[in-house]
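Spelled out from the first residue to the last, the chains are:
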Amino acid sequence: QVQLVESGGGLVQAGGSLRLSCAASGSTFSINAMGWYRQAPGKQRELVAAITRGGSTNYADSVKGRFTISRDKNTVYLQMNSLKPEDTAVYYCNTESLTRVRYWGRGTQVTVSS
């Protein structure tokens, strides 16, 4: 079992930056990949960025060039620059185990004002 705790969300003006953190605990040796999803009201949850054990990264087209995902031990980060109002959503940390079991954080709200 893996537990995930997100932090770093908040209110920011368009063009500003935020850095989200996700601390994993528990059976962290089973983690194959970690990522960030987001869900805005009335929309489906979507993948924002992911990083594998080997360091390979993947980004949604909407955030390429603005967001950067990184990992340090059992903590994954999402550096968000040049934020836009459409980035407003609840951001969820996610892990995938080596046996394809997924775990989710509770979410952190990111609000970008115009």
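Since the structure is predicted, the reported quantities are computational estimates derived from the model, not experimental observations.

## Digging into the pattern of salt bridges
All chains considered together, the criterion is met by 4 salt bridges. Its salt-bridge partner being Asp 61, residue Lys 64 comes within 3.0 Å of it at the nearest N-O pair. Classification of Asp 61 by relative accessible area gives exposed; the value is 64%. Between Arg 66 and Asp 87 there is a salt bridge, with the nearest N and O atoms lying 2.8 Å from each other. In this pair, Arg 66 is assigned in the loop between strand 6 (57–59) and strand 7 (67–72) and Asp 87 in the loop between strand 8 (75–80) and strand 9 (89–97), connecting sequence segments 21 residues apart.

## Side note on unusual backbone geometry
Of note, the phi angle at Lys 73 is positive, near 55°, even though the residue is not glycine. Note that Lys 73 resides in the loop between strand 7 and strand 8. For Lys 73, a relative accessible area of 73% puts it in the exposed group. One non-glycine residue with positive phi stands out, namely Arg 100, at about 70°. As for its position among the elements, Arg 100 is in the loop between strand 9 and strand 10 (102–104).

## Brief notes about the state of the cysteines
Following the criterion strictly, the structure yields 1 disulfide and no others. Two residues, Cys 22 and Cys 93, share a disulfide whose sulfurs are 2.0 Å apart. Around the S-S axis, the bridge from Cys 22 to Cys 93 shows a dihedral of about -85° and counts as left-handed. Of this pair, Cys 22 sits in strand 3 (residues 18–26) while Cys 93 sits in strand 9, placing them 71 residues apart in sequence. On the basis of relative accessibility, which here comes to 0%, the residue Cys 93 falls in the buried class.

Criteria and cut-off values
- Residues numbered from 1 in each chain as written.
- Predicted model: local features only at pLDDT ≥ 70, side-chain atom pairs only at ≥ 80, totals over all residues.
- Heavy atoms only, no water.
- Salt bridge = Lys/Arg side-chain N within 4 Å of Asp/Glu carboxyl O.
- Buried < 20%, exposed > 50% of the residue type's maximum accessible area, 1.4 Å probe, protein only.
- Helix = DSSP H or I, 4+ residues; strand = E, 2+ residues; numbered from the N terminus.
- Disulfide = S-S within 2.5 Å.

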